[in-house]
Amino acid sequence: VTALVGSPAIGNLTVLDLSENRLADPGAGVLANSPHLQHLMCLDLSHNFIEDDGADALAESRFLTQLLHLNLTGNPISPAAHYRLLQRFGNRVVF
């Protein structure tokens, strides 16, 4: 995932489905910190073993500002991290 999001070629990408890829927290962090994903509108990270650290990275991302849909279904995220994600993305995040 590091090579993918490090490429300027994905700068106009609006939809990214990385479901069931075992990204875990490090992968979520890489995605959250990629300036090349600033136009992303739909991000599917369902079933990726993302826990609170990865959820917090997504919630604190300064690049995922255009997201209309964030799918985190099937990830072991705590209620506290759910709350932080809801604070950031509102009803645009699905658990």
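Everything discussed here concerns the structure shown above.
Rules used in this analysis
- Residues numbered from 1 in each chain as written.
- Predicted model: local features only at pLDDT ≥ 70, side-chain atom pairs only at ≥ 80, totals over all residues.
- Heavy atoms only, no water.
- Buried < 20%, exposed > 50% of the residue type's maximum accessible area, 1.4 Å probe, protein only.
- Helix = DSSP H or I, 4+ residues; strand = E, 2+ residues; numbered from the N terminus.
- Arc of directions from axis to C-beta.
- Contact = heavy atoms within 4.5 Å.
- Salt bridge = Lys/Arg side-chain N within 4 Å of Asp/Glu carboxyl O.
- Pairing = 2+ DSSP bridges.
- Core = buried A, V, L, I, M, F, W, Y, C linked by side-chain atoms within 4.5 Å.

Next up on the list: helix α4 (residues 79-89). Every buried residue of α4 is listed here: Ala81, Leu85 and Phe89. Buried residues of α4, viewed axially, fall in a sector of 55°; they line one side. Opposite its buried face, α4 presents the exposed residues Pro79, Tyr83 and Gln87, each directed more than 90 degrees away. At its buried positions, α4 is contacted by α3 (52-60), β3 (69-71) and β4 (93-94). Taken from the residues just after α4, Gly90 is the one with a positive phi, measuring 60°.

Inspection of the secondary structure assignment puts Gly90 in the loop between α4 and β4. In this structure Gly90 comes out as partly exposed when scored by relative accessible area, which is 27%. Spatially, the C-alpha atoms of Gly90 and Leu58 are 13 Å apart, while their sequence positions differ by 32 residues.

Take the pattern of salt bridges next. If you walk through the whole model with that rule in mind, you get 1 salt bridge. Here Asp56 and Arg84 are joined by a salt bridge, their closest N and O atoms 2.6 Å apart. Of this pair, Asp56 sits in helix α3 while Arg84 sits in helix α4; the two residues are 28 residues apart in sequence, bridging distant segments of the chain. By relative accessible area, Asp56 is classed as buried at 17%.

Those residues of helix α2 (residues 24-32) that sit buried are Gly27, Ala28, Gly29, Leu31 and Ala32. Tucked into the core, α2 has its buried residues touching α1 (2-5), β1 (15-17) and α3.

So, on to the sheet that holds β4. Spatially, β1-β2-β3-β4 is the arrangement adopted by the 4 strands of the open sheet, whose pairing is parallel. If you trace the sheet from one side to the other, it starts and ends with β1 and β4, each paired once. Both strand β2 (residues 42-44) and β3 contribute to a ladder of 3 bridges, which runs parallel. Bridging across to β3, Leu43 finds its partner in Leu70.

The biggest cluster of nonpolar side chains holds 26 residues, and the ones touching the most others in it are Leu45, Leu70, Leu72 and Leu85. Among the elements of the structure, α2, α3 and α4 are those that each provide at least two residues to this core. If one sorts the elements of this core by residue count, α3 sits on top with 4 residues. With near-sequence residues (within four places) excluded, Leu85 lies in contact with Ala55, Leu58, Ala59, Leu70, Leu72, Ile77, Gly90, Val93 and Phe95.

What follows is about unusual backbone geometry. In the Ramachandran plot, Glu20 falls in the positive-phi region, its phi being about 55° despite a non-glycine side chain. Residue Ala24 is not a glycine yet carries a positive backbone phi of 55°. Here Ala24 is to be found in helix α2. Residue Ala24 is classed as partly exposed on the basis of its relative accessible area, which comes to 23%.

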